[in-house]
Amino acid sequence: MNYLIANPERVLRLAGTHAAMVAAALAVAVAVALPLGILSSRSPRLRPLLLGGLGAIYTIPSLALLALLVQLFGLGLAPVFIALVAYAQFMLVRNIDAGLRGVDPAMRDAAVGMGLSPRMQLLRVELPLALPVIVGGLRIAAIATIAIATLAGYVGGGGLGVLIFNGLALHNTGMIVAGSLGVSLLAVLVDGSLRWCERAVRTRLGG
Amino acid sequence: MPRGAEIVVRGAGVTYPGATVPTLQDLTLTIAPGEFLVVVGPSGCGKSTLLRTINRLIPLNAGSIAIDGIDIASLDPVALRRGIGYAIQAVGLFPHMRVGANVAIVPELLGWSRERIAARVDALLALVHLDPERYRDRFPRELSGGEAQRVGVARAIAGEPRVLLMDEPFGAVDAIVRSQLQDEMLLLVRELATTTLFVTHDVDEALLLADRIVVVNRGRIEQTGTPLEVLAGPASPFVERLFHANDAVIELREKARERQRLR
């Protein structure tokens, strides 16, 4: 606690970097996952390959993946960022796929029958109806990303991990506690707000 | 409101992928402009399949369908569907859109002006006996079953279609609301003069609404005729059984009474 009280602005700044890194990684991850999830929901043949492949990435220990990526991209933010995007894929794609395939067939039938083009069916009917499940996936991915982003501190990528790894090196328990507390707090905050979003879109659909 | 179109079905056949028995077989049928045709038959007889071939939700394996002399296979399916009203049993209102937005879908697809759509939505809601002021901005979850069915009908006719397809549109409401909706439907279609293909397994509903009834069994037409013709002169034992099921119920009830009296 002492460290936190003595250095509030440093902790806050690192928390800000941490949050920005997570937000950017999630934004890129969603942009990559959306087409993959749509593809997976439409193609029973590709689905097991996609989800299996992304699941395999997900099971690689984060430190091992990071070590590999550092070999390829050097120290700094880049390897961490790539790791975060890669890890989030499994949770995001799986939920986008499940959400789209869970859309009531009567809804799809009505949409097609009224003359919506395939693009409109997706944008105006299927994705909005799948949104609660997709946001659910985003929530899980966000929490995992916040945790894994701690590793950035180890390879010079910044964020709250800096406090934890420096604390470990300097045997400074206060520093470790400040970093850990920050990560937890961030996770709780993001989890709460995305939970609220999830509930809001669900109520809107009458669920 | 434009006049209804003529629909000519010639030798239509549908066999679902992987099925050995065709769902529809060599089905030929002409629906006159403005006619209210009810397709009746047991579940699984192919009546919904027939309806869904008209807006090309299901492709034909044999035969052809022409609307006003134009083979539908030669048209863009999306454009074809925009000209055909479609209402289904599950109602299919989109839960994330308000009532007004649901009704406005096809007019929007057809590129109507904002003012024309707004006026059309209000007129349609009034037509199906829903006060536009009260219902326009509601979500489907805030409607009763009967109200939702009404919105479903309003949405199906919103684009001033010349053909209207309805697949058990009143299937999900209780008997009282159902008969009320049927009465309103009767008045509505007289006004619209749209060519309507209405699918039901409810014989009473068929007799009430139809200009002409088509009885379908195992993918084939058993009989075509006015309600009176079908009732008075059933063409096969199947049609007879279908339309006199109610008589059987009455008979059963009488037998049960008799049994009680004898005890």
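Let me sum up the structure you'll find in this document. Going along each chain's sequence as written, the residues are numbered from 1 onward. Think of it this way: whatever chain is written first is A, whatever ligand is written first is 1, and the rest follow in order. Under the rules for a predicted model, residues below a pLDDT of 70 receive no local features and side-chain atom pairs below 80 are neither given nor counted, while totals for whole chains, interfaces and linings still include all residues. Side-chain metrics rest on all non-hydrogen atoms present in the structure, leaving aside hydrogens and water.

**Points about the overall build of chain B**
Numbering of helices and strands starts at the N terminus; helices are DSSP runs of H or I of at least 4 residues and strands are runs of E of at least 2. Scanning chain B from terminus to terminus reveals 11 helices and 10 strands. For this measure, only C-alpha atoms enter the radius of gyration; the expected value for a globule follows 2.2 Å times N^0.38, where N is the number of residues. What you see for chain B is a C-alpha radius of gyration of 20 Å, in line with the 18 Å of a compact globule of 263 residues. Judged by the C-alpha coordinates and their principal axes, chain B covers about 70 × 45 × 35 Å. Relative accessibility under 20% of the residue-type maximum defines a buried residue, over 50% an exposed one, and the middle range a partly exposed one, all with a 1.4 Å probe and only protein chains included. The 263 residues of chain B split such that 51% are buried. Contacts in chain B between residues at least 24 apart in sequence constitute 68% of all its contacts with a sequence separation of at least 6. Of the accessible surface of chain B, which amounts to about 12200 Å², a share of 52% is contributed by carbon and sulfur atoms. Computed over 30 positive and 32 negative side-chain charges, the separation of the two mean positions in chain B equals 4 Å. The criterion used for residue contact is that any of the two residues' heavy atoms lie within 4.5 Å. We get accessible surface area from the Shrake-Rupley algorithm with a probe of 1.4 Å; when it comes to residues, only the shown protein chains can shield them. His residues and chain termini do not enter the charge count, which takes Lys and Arg as positive and Asp and Glu as negative. Taken as the charge location is NZ of Lys, CZ of Arg, CG of Asp or CD of Glu.

**Observations regarding the side chain of Thr23 of chain B**
Residues and elements named next belong to chain B. Along the chain, Thr23 falls in the loop between β1 (7–14) and β2 (24–31). You can call Thr23 buried: its relative accessible area is 16%. Excluding residues within four positions of it along the chain, Thr23 makes contact with Val14, Thr15, Tyr16, Cys45, Gly46, Thr49, Arg218 and Gly219.

**Considerations on a nonpolar patch on the surface**
Residues and elements named next belong to chain A. Residues Leu68, Leu72, Phe73 and Ile82 make up a contiguous nonpolar surface patch of roughly 400 Å² in combined accessible area. With three residues, the top contributor of residues to the nonpolar patch is helix α4 (residues 62–73). Within the secondary structure, Leu68 sits in helix α4. The patch calculation keeps residues exceeding 30% relative accessible area without a salt bridge and links them within 9 Å when they carry like charges or within 5 Å when they are nonpolar (Val, Leu, Ile, Met, Phe, Trp, Tyr). Salt bridge, as used here: a side-chain nitrogen of Lys or Arg that lies within 4 Å of a carboxyl oxygen of Asp or Glu.

**Observations concerning the packing of helix α2 (residues 8–42) of chain A against helix α9 (residues 173–204) of chain A**
All names here are of chain A. Packing of α2 against α9 leaves a shortest axis separation of 10 Å and a crossing angle of 45°. Comparing their axes, α9 and α2 come out oblique. Two packed elements cross with a definite hand, and for α2 against α9 that hand is right-handed. Note on element contacts: α9 touches α2 through Met175, Ala178, Val183 and Leu186, opposite Arg10, Val11, Ala15, His18 and Ala19. Here the residues of the contact of α2 with α9 sort into seven nonpolar, one polar and one charged. The angle between two axes is taken between their N-to-C directions and runs from 0 to 180 degrees, where each axis is a line fitted to C-alpha atoms and a helix contributes only its stretch in contact. We call two directions roughly parallel when the angle between them is under 35 degrees, roughly antiparallel when it is over 145, roughly perpendicular when it lies between 65 and 115, and oblique otherwise. The crossing is said to be left-handed when, going from far helix to near helix, the turn is anticlockwise and less than a right angle, and right-handed when the turn is clockwise. The nonpolar class holds Ala, Val, Leu, Ile, Met, Phe, Trp, Tyr, Cys and Pro. Asp, Glu, Lys and Arg form the charged class, and all remaining residues, Gly among them, are polar.

**Here we look at the pattern of salt bridges**
Residues and elements named next belong to chain A. Per the stated rule, a full pass over the model turns up 18 salt bridges over all chains. Between Arg42 and Glu126 there is a salt bridge, with its nearest N and O atoms 2.7 Å apart. Of the two residues, Arg42 sits in helix α2 while Glu126 sits in helix α7 (residues 118–148), which places them 84 residues apart along the sequence. Residue Glu126 is classed as buried on the basis of its relative accessible area, which comes to 5%. Across the pair Asp97 and Arg47 runs a salt bridge, and its minimum N-O distance is 3.4 Å. Here Asp97 is found in helix α5 (residues 77–101), whereas its partner Arg47 is found in helix α3 (residues 46–59), with 50 residues between them in sequence. Assigned by exposure class, Asp97 and Arg47 land together as buried.

**Points about the nonpolar core**
Counting residues in hydrophobic clusters, the biggest one holds 98 residues, and the most contacted among them are Ile67 and Phe94 of chain B. The element best represented in this core is α5 of chain A, accounting for 12 residues. Once you skip the residues sitting within four places of it in the chain, Ile67 of chain B turns out to touch Ala5, Glu6, Ile7, Ile54, Ile72, Leu80, Ile84 and Val163 of chain B. Here the nonpolar core consists of buried residues drawn from Ala, Val, Leu, Ile, Met, Phe, Trp, Tyr and Cys, with membership extended through side-chain atoms lying within 4.5 Å. Core analysis: the next-biggest nonpolar cluster, separate from the first, contains 46 residues, Ala104, Leu124, Val151 and Ala156 of chain B among them.

**Digging into the sheet that holds strand β10 (residues 220–225) of chain B**
Residue and element names in this part refer to chain B. What the six strands build is an open sheet, ordered β6-β7-β8-β3-β9-β10; its pairing is mixed. Of all strands in the sheet, those with a lone pairing partner are β6 (84–88) and β10, marking the two edges. Across the sheet, the mean angle separating the axes of adjacent strands is 15° when strand polarity is ignored. Sheet analysis places strand β3 (residues 36–40) next to strand β8 (residues 195–200), joined by five bridges and oriented parallel. Note on β8: the bridge partner recorded for Val39 is Val199. This element, helix α6 (residues 145–157), spans β6 and β7 (163–167) of the sheet and lies at about 160° to β6. Whether two strands pair depends on DSSP finding at least two bridges between them.

**Describing the pairing of β3 of chain B**
All names here are of chain B. Counted residue by residue, β3 has five buried out of five residues, so it is predominantly covered. Examined bridge by bridge, β3 and strand β9 (residues 212–217) share four bridges and lie parallel to one another. Paired with Leu37 across the bridge in β9 is Arg212.

**With respect to the sheet that holds β1 of chain B**
Within a sheet, adjacent strands bond to each other through the backbone by hydrogen bonds, running parallel or antiparallel. All names here are of chain B. In spatial order, the strands read β2-β1-β4-β5; together these four strands make up an open sheet with antiparallel pairing. Strand pairing shows two members of the sheet lacking a second neighbour, β2 and β5 (70–71), which therefore form its edges. By the bridge criterion, five bridges tie β1 to β2 in an arrangement that is antiparallel. Following the sheet pairing, Val9 is matched in β2 by Leu29. This element, helix α1 (residues 47–54), spans β1, β2 and β4 (62–67) of the sheet and lies at about 60° to β2.

**A closer look at helix α8 (residues 161–170) of chain A**
Residue and element names in this part refer to chain A. When we look at burial in α8, the residues that qualify are Gly161, Val162, Leu163, Ile164 and Gly167. Those residues of α8 that are buried lie in contact with α1 (2–6), α2 and α9. In the stretch just after α8, His171 is the one whose phi turns positive, near 55°.

**A short note on the interface of chain A and chain B**
Across the boundary between the two partners, chain A contributes 20 residues, which contact 23 residues of chain B. When two parts are brought into contact, each loses some accessible area as probed by a 1.4 Å sphere; the total of that loss over both is the buried area. Summed over both partners, the interface of chain A with chain B buries about 1900 Å², with 65% contributed by carbon and sulfur atoms. Among the residues chain A hides against chain B, the three largest losses belong to Met114, Arg124 and Arg204 of chain A. Together they make up 33% of the total. Across the chain A-chain B interface, the total number found is two salt bridges. Between Glu108 of chain B and Arg124 of chain A there is a salt bridge whose closest N-O contact spans 3.5 Å. Distance and chemistry together define a polar contact, namely a pair of N or O atoms within 3.5 Å, with one atom able to donate a hydrogen and the other to accept it when in protein, and with adjacent residues in sequence counting only for side-chain atoms on both sides. Summed over the shared surface of chain A and chain B, the number is six residue pairs in polar contact (both at pLDDT 80 or more).

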